[in-house]
Every structure is written in structure tokens, then in C-alpha cells.
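Chain by chain, the residues:
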Amino acid sequence: MTLGLTATACGSDDGSDSGDKATDGKGKTLTVWIMEGTNPDARPFFKEAEKAFQKKTGAKIHVEYQQWATAQKKFTTAIEGGADQVPDVAEVGTTWVPQFAETDALVDVTDEVKKSGLNDDLVEGLADAGTLDGKQYGMPWYAGVRSIVYRKDIFEKHDLKAPTTWKELQSAAKTLKDKEPKMIPFPVAGGAEMFATPFIWGAGGELATEQGGKWKSGINSPEAVKGIEFYTGLATKDKVSPAKVNTWTEKEVGDAWGKGEVAMSVNGNWTPKAIVEANPDLKGKLGAVPIPGQSGGMSKSFLGGSYLSTFNTDKKDLAWEFVKMLTTGDFAAKWAEETNYFPGQNSELKKIEAKKDPLVEPFAKQMLEAGATVPKTKAYGEIQASKVIPGMVQSILTGKSSVQEAADKAAKDMDAIFAKDK
């Protein structure tokens, strides 16, 4: 699998092209922060990347591995400390980009992306996630999206088809409840925010909207409430999701898949491989399909991942060359293969989709045609940290609130946080 653009657009894939003044890095060392915990061991990959970059520029690379759980605070502290505290290059989660960009810590690379011929090929949802006020702050490195994973063998056993509408999803789940009583037909995971959002978007709702530079929650709109009602109703009315699932996060859903307990659920494109690794008996028994829209088509699904961004240091030109090398060409291909995530370029995603891998193509289609992002404001990070949406879903699942009451409370909580974001 070859990902990335041609050597003409980006320089040769091995990094040997040295015709740019920015590639003069002899005697310099770039400090690079990379997240640890969601990907395989990245050390061999970066040793190879450093060798190629040193051949191209003469510069060395010093990689410091960070934990996702503590990285945001570490970034914030470093940014407050000034240019000598921040890395030259860092992996930045897409939902963090607005927060860091607003502090002027990140470099605006809009012109560099255009000069490299990359801007027209970036996946729209990913490009949008890293763009603030028309300025792009880094390059998409890898991404993931959620669709529906189902037990193909179980569906065939009961003559069921993969759902293409919400009604079909509901009907299949109810049939599975009757026919496979030992399985969870469709977990409504109360702790998994990104399981609920496709149904909000799919009903025409929005998490929040921006007007005049100010954000306001949209989660209690009639459209959003309709989506929330359908999603939670699968548990509260149709009983296809047992009470033990009410607080589950994506991790617990994944664990249940590994035990062979789940028949169908929302899952990330990186999960089928992990499910089979946890339970080899499931090899060849999984299927995938985009999250269906209400009456057909696709509901939007959160498209997230990581950017490689350059920080405002005295080596930002050299840093950009390193970012470009890793996010295009052979290194982008190698990273995609090792991590099972998707690249951030339409042309390469279409190549993956064209391979017709039944456990990859539906996710690629979802990402290309129905990827969505959360509100681009640092306040939304606090909303996520406060677990506003999971709290809303859980209050409905446990019967503490009606759908409208829970949505109204969530909207009030979101607006209070937005109001602090001056």
C-alpha cells in the first residue's frame, strides 16, 4: 500500500531532496513530542525517520514520548513557559488544536501547505479540525472514524442484513435480542460520547453552533432530542442493551467484543483487528457498515485523530520539513500500516476504499463522505472533560431524567462553559 503524494510534490520519499533552504539543519536537533498508549511502539518508526531526515537535512531528532492522560496539562505548562519550553514538533489531538492555536503557540502553515500542493487533497473533516479562523495549524497525521461493526455469522444465521436505516438497525437489534439472548444486541454505552453523537447529527441536530464569535449549545434542539431519543430508546424501550452497559466506555465495549458477547455496535476502524487479536475465533466472522442515516445514507460520525504541528520556536522551518516528511509519502504509508489508522489525504483514502476490504471500506466511506468534528473552541475540551454528554445519556438510561430534561440540563451546562470562553 502506497500512501502520500508524488516525489514531485513533496520531494523524494527517502528525504534525500535537499534543495530547500529550510533543509539546512546541520548541527541542529529537533525536539519532538509523540503520544504513547494508543499506537504500537513508535520507537523503531522514529529511528528510521530520524535516519532519513538526518540524511536529508543534517539535523538530528530527539523524540520525547508523552502520555495522553497528562499531555494536555504538560503542553499548557510548556506554552506558558515560552518558546524554549515547547517542542519544535508535536503530535496534537485534533480537539486540542483550537486551544493551542489561540495562544499563538502553533505555527500557521496555511501557505506552506498550499505551496506543497497538499491543501486540495486533505480529508475535509480533518483539515477543518486543524483550521481556526481560516488558518491551518499543522498537517493531519492519522485519523479514525466510527462506523457499525457486526457479527456477520450471527446475522447470516438469522437471515439478517446489515442495517441501512435507523429502523433496520432497531429491527435487527430486536431480533437479535430474541434469537441470541446471551449476546448484547447493540450496546448503548453511556460512557462513550462518540457513540451518541452520530444519532444527534443523523437527526439533523448539532452539538453547538457559533454566532458572532460566541458558541451556544444545540443539544436540546428538537432535532438533537430526536436523535438522543432514538439512541437511548434502544435501551430504555427496546431493551436491546442491558443495564450493565449504562456506564460503559468504548473500552468496556471492546472488552465485551473480545469475549464474544456483542452482536453489533458502534466501533472505530481500528477495532476489528483488535477484536480478532483478542478472540481469534472471530476471524472472518466480522462485518462493517457505515452508521446509517434515519432513512438511508449515512449519519455523520466523529472524525478525529492527530495532527503533527510545529511550534513557534527558532527551528520552525526545519520542523515543517519534518512534519511534511512524516505526513506524506512512504512514511505516511508505513505509519498507516503499522497503526491501522487512516491517512489524512483523500487520494490515499480512496485507494484504501478501492481495495474493497470489507472491514476497511465502510470506514473509509464513512470518513470520506460523513466525517464530522466537535465544536472548534477550547471550551469544548472542558465540556468533554466534564463528561456533559455521557452524563446526559446516563441520566436517561437510568430513568433519572426524561430525554428533554436531560438535554436541557446538558445544554445549560455547556452554555455555562461556553460563557467562560472569552
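Note: the structure precedes this text.
Keep in mind that this is a model prediction, so the values were computed, not measured.

1. A look at the nonpolar core
Generally speaking, a soluble globular protein has its nonpolar side chains buried in company with each other.
Now for step 1: Among the nonpolar cores identified, the biggest contains 81 residues, and Phe186, Ile219, Met264, Met367 and Met392 are the most heavily contacted of them.
Now for step 2: Core analysis: the second largest hydrophobic core is formed by 33 residues, Val113, Leu118, Trp335 and Tyr341 among them.

2. A look at the pairing of strand β1 (residues 29–36)
When a strand is regular, its side chains alternate between the sheet's two faces.
Now for step 1: In this structure, β1 lies alongside strand β2 (residues 60–67), joined through eight bridges in parallel fashion. Bridging across to β2, leucine 30 finds its partner in isoleucine 61.
Now for step 2: Relative to strand β3 (residues 89–93), β1 runs parallel, the two sharing two bridges. Pairing of tryptophan 33 across the sheet is with alanine 90, part of β3.

3. Considering the packing of aromatic side chains
Now for step 1: In total, this model carries 23 aromatic pairs according to the counting rule given.
Now for step 2: Taken together, a centroid distance of 5.9 Å and an interplanar angle of 90° make the contact between phenylalanine 45 and phenylalanine 331 edge-to-face. Taken together, the positions of phenylalanine 45 in helix α2 (residues 43–57) and phenylalanine 331 in helix α14 (residues 329–339) put the pair 286 residues apart, joining distant regions of the chain. Here phenylalanine 45 matches phenylalanine 331 in class, with each residue buried.
Now for step 3: With a centroid separation of 4.8 Å and an interplanar angle of 55°, the aromatic rings of phenylalanine 45 and tryptophan 335 are classed as tilted. Of this pair, phenylalanine 45 sits in helix α2 while tryptophan 335 sits in helix α14, and the two are 290 residues apart along the sequence. For the pair shown, phenylalanine 45 and tryptophan 335 are each scored as buried.
Now for step 4: Site record: aromatic cluster; members linked through ring pairs are Phe45, Phe46, Trp141, Tyr142, Trp270, Phe331, Trp335 and Tyr341.
Now for step 5: Over the ring of tyrosine 65 we find arginine 43, and its NZ or CZ is 4.1 Å from the ring centre.
Now for step 6: Over the ring of tryptophan 33 we find lysine 74; its NZ or CZ atom is 5.2 Å from the centre of that ring.

Basis of the calculations
- Residues numbered from 1 in each chain as written.
- Predicted model: local features only at pLDDT ≥ 70, side-chain atom pairs only at ≥ 80, totals over all residues.
- Heavy atoms only, no water.
- Core = buried A, V, L, I, M, F, W, Y, C linked by side-chain atoms within 4.5 Å.
- Buried < 20%, exposed > 50% of the residue type's maximum accessible area, 1.4 Å probe, protein only.
- Pairing = 2+ DSSP bridges.
- Helix = DSSP H or I, 4+ residues; strand = E, 2+ residues; numbered from the N terminus.
- Phe/Tyr/Trp six-rings, centres within 6.5 Å; stacked < 30°, edge-to-face > 60°.
- Lys NZ or Arg CZ within 6 Å of the ring centre and 35° of its normal.

Treat this as a map of the structure, not an account of what it does.
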